[in-house]
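# Observations on the three-dimensional arrangement
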Amino acid sequence: MASETVNMPERRRKLPSMSVLGPVIALLVLVAIGAMMNPNFLGAGNITNVLARSAFIGIIAVGMTFVITAGGLDLSVGSMAAFIAGLMILVMNAALPVLGVGVPIILLGMATALIAGLLAGLLNGFLITTLGIEAFIVTLGTMGIYRSLVTWLADGGTLSLDFGLRTFYRPVYFDGILGVSWPIIVFALVVIIGEVVMSRARFGRHCAATGSSEHVAHYSNVNVNRTRLATYAMLGVLVGVATIMYVPRLGSASASTGVLWELEAIAAVIIGGTVLKGGFGRVWGTVIGVLILSLIDNILNLTDLVSPYLNGAIQGVIIILAVILQREAKAKG
Amino acid sequence: MTEPVLSLRNVHKSFGPVEVLHGVDLDIRAGEVLALIGENGAGKSTAMKCLAGYQPASSGRILLDGEEVSFASLHEGEAAGIVLIHQEFNLAEQLTVEQNIFLGRELRRGLLLDKAEMRRRSREYLARVKCRVDPDTPVSKLSNSDKQMVEIAKALGRDARVLIMDEPTAVLTNAEAAILFEQVEALRATGTAIVFTSHKLGEVKQIADRVSVMRDGMVVQTAPVQDMSEDQMATAMVGRDVSDLYPAKAEVAADAPVLLRVDGLDVPGFAEGVSFALRAGEILGIAGLVGSGRTEAMEGLCGLRIARADRTEIAGQSVQIRKPSDALRHRLCYLTEDRKLRGLLLDKGMRENLTLQALARFGGLLIDQKAEDAALTRAIREFDIRAGRRDVRVGNLSGGNQQKLLLAKVMQSEPQILIVDEPTRGIDIGTKQQIYAFLSDLAASGHGIVVISSEMQEIIGLANRVLVMRQGRIAGELAGEAITEEAIVRHAVGVGADPKERAA
């Protein structure tokens, strides 16, 4: 790591800004509060539970970090997840008589989810970049489309995975390696790869440049449209990955699957210090944002200090605080 | 002679530390058309903005009917009967033509808008300027010339005593300009005082009563228009010594290889049939007025905007350049005129900016930050970039240091052919000298360089050969001793290469 040391003394001289420290401190405070309130809080069971539940939003939020950093936005991910889940269940149920219960059918379901996610992301990206429609409008539209499609596929009710299949698929959510469940492992992998790509790879630099100034990026030989398109495609694939983890948990999909996931993912990204208007993003911050949001929920459920019904209010306050911290950091920098 | 309606007396205007007007005196009289001419950056637009109260003067007096006034805003100026029509239009794009004409002074009957009366008057004003647009059309749907006519219709509706127009004919066709001049004559006859700027000396001769010539933020000459020929106007606009700011020009060897040959380059809407060749070791200047298509032609050449060329050759090989990466692959590189909007990421540090264009040269899948840091160290030394800290936000650097960083950034792609657009805009003279020396050395080492500039001196001081562009075409080529400010201005404003030739 000789390359790191060259600049270290200069960077370390001053304390990191509040936009860096803020989310970390908030997370530590939440952990301390949780530990004081309930002795079970730091138990392996609860920690695993919190992390596994965070994984779906977390995997999506990593993708969202890239989209937002490149100056975009995607409101459709929650509906997209529901639609992919529904599609996956339909495909697996339909293939059951041919393939039977076994690994091939699970792989088929996974491939369906990944391909559907990729195509859905490419569609969003195509409309936004090639046709030049605003990201907010495009993804507001596709959000409605996917939500409506899953409701239609389920005929207003619930799409359920065949019982035998569900039993076979369940371990993908509940089992793991050395007591760490699969969603947590996948989440961790996505985060590590995401962080490296964002901070060390050319693609991450191009995302930040595109979000920072489209014109400068264009004049600097960055293919702005292709960079944006790639962020949406990548987010779509990650929605597919999250869905693969999600389906075995309940074994069903309905109109209420993944509701408000898009806003939770965006909130996690913003709390983590990524700038909503683009130009700067950090994946590790997003992870902290996701953990903060799930810990608030978890603590309110474990303790009776504050009604769990106020969960949304507390999350709202945190989001606004995060943005205020960001603004102060910018004013100083 | 009548008393002036509006006057500037010893007006100075500074933007931050830079003073752009150094004591301007102007008189505007009722029933008279005054033309304000000068090179780009001579201070014409600023002087007009001070006149209209759009920008406050830093010092000096503005007299209205002999009384000193200070307008706190454009509205106060308009209330006093002074209307400014901007070079960039001042119309609300989403509103209709009629809504724009009455914007801020809507007619009412009781509490409600008097739409019938506004419609009647809109039609009347539009008819006076012979503009056939429907008053219900949103302004965003209008062509530039129609927008100009709407601006004038709007001024008619304001019963202006003083009408100030900044390059009103720049976007008009000859026929539209003729209609404008009819209106100007009609307004003059009714006693309105009119000021306009133009780069077209022919129309100045045709329409103005008096001419004031500005140079370097001062009025250098004011005379009745019949006392000045177009050649005299052009001479008055220029005429400065070229100091030793510029390095000595090296001769280009007659057998130096041609690095770049462009044939019939078209950039739709901006440039047509641009053809030229550039030799190794040569500095080719491209002069012309702002809006003559210089920038767009070169951006088109470098794949930055849609363009088409009959043939482009780099180092003797025919090449197709459709996107920026094609140009870079052939080691052809363009340095933008707008370092803040197109050149640098102001929110990022120097390292990210330095390597952005040539990121593929720094590592493979992952970026080699060690190599980036080394490149930054080299660039800081080579280009004498003075930043307090290495991790400073680029937006906090001075203009000169930003420009040096931008030059360093472009050089990371190791271009063989470098096109620099306004390389010294808004920077101090010391930095200018450094940049000139760098460009000169680069040429001496066998690179080909194109310098686009609005500063005549810069072109004359640097270039071995000069192309002058006018209205999207190359209007003339000058070389060696023939490169003079007068010759450039003549080509740029379309007067012709030399007076004898024009007379013939």
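So, how was this worked out
- Residues numbered from 1 in each chain as written.
- Chains lettered and ligands numbered in written order.
- Predicted model: local features only at pLDDT ≥ 70, side-chain atom pairs only at ≥ 80, totals over all residues.
- Heavy atoms only, no water.
- Domains from an automatic or database assignment.
- Contact = heavy atoms within 4.5 Å.
- Buried area = accessible area lost by both parts, 1.4 Å probe.
- pLDDT = per-residue confidence, 0-100.
- Salt bridge = Lys/Arg side-chain N within 4 Å of Asp/Glu carboxyl O.
- Helix = DSSP H or I, 4+ residues; strand = E, 2+ residues; numbered from the N terminus.
- Nonpolar A, V, L, I, M, F, W, Y, C, P; charged D, E, K, R; others polar.
- Buried < 20%, exposed > 50% of the residue type's maximum accessible area, 1.4 Å probe, protein only.
- Pairing = 2+ DSSP bridges.
- Axes fitted to C-alpha atoms, helices over the stretch in contact; angles between N-to-C directions.

Residue and element names in this part refer to chain B. Per the domain assignment, the segments of chain B are domain 1 (4–237), domain 2 (241–331 + 416–504) and domain 3 (345–414). One C-alpha centre belongs to domain 2, the other to domain 3; they are set 26 Å apart. In this complex, domain 2 contributes 12 residues to the contact, which on the side of domain 3 involves 14 residues. Both faces combined, the contact of domain 2 with domain 3 buries some 1,000 Å², and carbon together with sulfur accounts for 69% of it. The largest per-residue losses of area from domain 2 upon contact with domain 3 belong to Leu328, Gln434 and Phe438, which jointly make up 41% of the total buried on that side.

For chain A, mean pLDDT is 87; residues scoring 70 or higher make up 92% of the total. The low-confidence segment residues 1–13 of chain A, where pLDDT is below 50, has seven contacts with residues more than four positions distant or belonging to other chains.

A few words on the interface of chain A and chain B. How big an interface is tends to be stated in terms of accessible area lost as the parts join. Counting from both sides, the interface comprises 29 residues of chain A and, opposite them, 37 residues of chain B. Taking both partners together, chain A and chain B bury about 2,800 Å²; carbon and sulfur atoms supply 50% of that area. Counting across the chain A and chain B interface gives one salt bridge. One salt bridge in this structure joins B:Glu372 and A:Arg205, with 2.7 Å as the shortest N-O distance. Elements with a minimum of two residues in the side of chain A that touches chain B: helix H1 (2–12), helix H9 (182–200), helix H10 (202–212) and helix H11 (214–219) of chain A. Broken down by element, the residue count for the side of chain A that touches chain B peaks at six residues, all from H10(A). Its residues assigned to classes, the side of chain A that touches chain B shows eight nonpolar, 12 polar and nine charged.

Bringing the pairing of strand S21 (residues 465–470) of chain B into the picture now. Working note: regular strand, side chains alternate between the two faces of the sheet. Residue and element names in this part refer to chain B. With five of its six residues buried, S21 lies for the most part within the structure. By the bridge criterion, five bridges tie strand S15 (residues 283–288) to S21 in an arrangement that is parallel. Residue pairing in the sheet places alanine 287 in a bridge with valine 468 of S21. In terms of strand pairing, S21 meets strand S22 (residues 473–479) through six bridges, oriented antiparallel. Its bridge partner being in S22, arginine 470 is matched across the sheet by arginine 473.

Residue and element names in this part refer to chain B. Taking strand neighbours across the sheet as the criterion, the six strands line up as S18-S19-S20-S15-S21-S22 in an open arrangement whose pairing is mixed. Sheet topology places strand S18 (332–335) and S22 at the edges, where each strand pairs with a single neighbour. Neighbour-to-neighbour, the strand axes of the sheet open up by a mean angle of 20°, direction not taken into account. Against the sheet, helix H14 (residues 399–411) contacts S18 and strand S19 (417–421), and its axis sits at roughly 165° relative to S18. Strand contacts of helix H17 (residues 485–493): S15, S21 and S22, with the helix running at about 30° to S21, the strand carrying the most contacts.

Okay, the sheet that holds strand S6 (residues 82–85) of chain B next. What holds strands together in a sheet is hydrogen bonding between their backbones, with the strands either parallel or antiparallel. All names here are of chain B. If you walk across this open sheet you meet the six strands as S6-S9-S10-S3-S11-S12, and the pairing is mixed. With one partner strand each, in any of the chains shown, S6 and strand S12 (218–224) form the two edges of the open sheet. Averaged over neighbouring strand pairs, the angle between their axes works out to 15° when direction is ignored. The sheet contact formed by S6 and strand S9 (residues 162–165) spans four bridges and is parallel. Within the sheet, the bridge partner assigned to leucine 84 lies in S9 and is isoleucine 164. Sheet contacts for helix H8 (residues 230–237): strand S3 (33–37), strand S11 (210–215) and S12; angle to S11, the most-contacted strand, approximately 30°.

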